[in-house]
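Commentary on secondary and tertiary structure
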Amino acid sequence: PLSINKAENGWRVQLIGKGTQIDLMARQLIDCTGNAAAIALIGLPREREAANQPGSLIYRLGGYDLARADLDDMTEKANEAVRAGRLESTDFRHNLRGFLRNGGENATHIPGADSSTSELHTNTNIHGRQSLLRMMRFLKPFRGFEAMKLERLQPEAGVRETYRIVGETKVTVGDYTSGRKFADAVSYSFYPIDLHDERGIQPRPLKQGVVATVPLGALIPKSADHVMVAGRSVSSDRLANSALRVQASCMGMGQAAGAAAALAARLGLTPAK
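Let us look at the structure shown here. This is a predicted model, so every value here is computed, not measured.

1. Points about the state of the cysteines
With the rule as written, the count across this model stands at zero disulfides. Cysteine C32 shares no disulfide, and the gap to the nearest cysteine sulfur, in C250, comes to 9.1 Å. Its relative accessible area of 54% is what places C32 among the exposed residues. Looking at C250, the relative accessible area reads 21%, which means it is partly exposed.

Shown next, in the form of structure tokens:
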């Protein structure tokens, strides 16, 4: 979107693309950007942490033989490479053995990962690919890694958090881990508390039988009509958001927000009503 402005029956949205600009009218808006970017264009408040959680470039290495490798020597050499600046410990998330057991899949960190602007997102992707290249150059000379290859690479690095809305309801970590059933619950979430930091990650799974719920109020910016968010920008504290941000939870919120927007447009009401 280029601009979003309030109109008599909803919103006037200006969209811009390669060689084109489109003006359209919408009765309801749903911000699914993950950064609450449309919310910012409208002028509604957002919040974020002082420093983002690290991101990850998801890839998988294969073709190597761990049975032939000397993991003690490799770990020592990796620590030496970190001290010399040829590797960063976040390239293998401080655990080379775990990295190799998983083929490197979801075993990296990109410090300061951010996707809230195109420039920051580009930098995050570049840093993720630099990390991959450092690891491949480091591993290739070792015994058992002569035939190592890149089997899979996601097109973009994953970013875990940027902006969240200030919603009518804010989901707290206590709400989430207790399985609070909100009166206006519209979807579920199941993922563990999953906060990443410079030391790594220590997930906190929900207790057996506990299922978290997401209230409609957490998708609606405070004191706003005819606009919602779905996904990572849901109104929540940082720990609750570390679980709510994952794909399955975002899909549930997306379906619920889409249904609420369609019903509100059809009935001439706000999503909250």
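2. Quick notes on the sheet that holds strand 1 (residues 3–7)
In spatial order, the strands read 1-2-3; together these three strands make up an open sheet with antiparallel pairing. The open sheet has two edge strands with one neighbour each: strand 1 and strand 3 (20–26). Direction aside, the axes of adjacent strands within the sheet are offset by 20 degrees on average. Relative to strand 2 (residues 10–17), strand 1 is paired through five bridges, and the arrangement is antiparallel. Each bridged residue has a counterpart across the sheet, and for N5 the counterpart in strand 2 is R12.

3. Quick look at the pattern of salt bridges
Two side chains that carry opposite charge are able to pair once their charged atoms sit near each other. Taken as a whole, this structure holds 18 salt bridges when the rule is applied. D72 serves as the salt-bridge partner of R97, at 2.4 Å between the closest nitrogen and oxygen. You can see R97 sitting in helix 3 (residues 96–101) and its partner D72 sitting in helix 2 (residues 71–84), a full 25 residues away along the chain. Look at R97 and you get partly exposed, because its relative accessible area is 31%. Of the charged contacts in the structure, one is a salt bridge between D91 and R134, with a shortest N-O distance of 2.8 Å. Of this pair, D91 sits in the loop between helix 2 and helix 3 while R134 is found in helix 4 (residues 118–139), placing the two residues 43 residues apart along the sequence. Taking the relative accessible area as the measure of exposure, D91 reaches 0% and is therefore buried. Here the salt bridges share partners, and the residues they tie into one network are E47, E49, R164 and K170.

Analysis parameters
- Counting restarts for each chain: residues are numbered from 1 in the order of the written sequence.
- Where totals are concerned, whole chains, interfaces and linings use all residues; where local detail is concerned, this predicted model gives features only for residues with pLDDT of at least 70, and gives and counts side-chain atom pairs only at 80 or more.
- Excluded from the side-chain calculation are hydrogens and water; included are all heavy atoms of the structure.
- The rule for a disulfide is simple: a pair of cysteine sulfur atoms within 2.5 Å.
- Note on classification: 1.4 Å probe, protein chains only; a residue is buried when its accessible area is under 20% of the maximum for its type, exposed when over 50%, partly exposed between these limits.
- For two strands to count as paired, DSSP must find a minimum of two bridges between them.
- Numbering of helices and strands runs from the N terminus; a helix is a DSSP stretch of H or I covering at least four residues, while a strand is a stretch of E covering at least two.
- The convention used is that axes are lines fitted to C-alpha atoms, helices contributing only their stretch in contact, and that angles between N-to-C directions extend from 0 to 180 degrees.
- Only one rule defines a salt bridge in this text: a Lys or Arg side-chain nitrogen within 4 Å of an Asp or Glu carboxyl oxygen.

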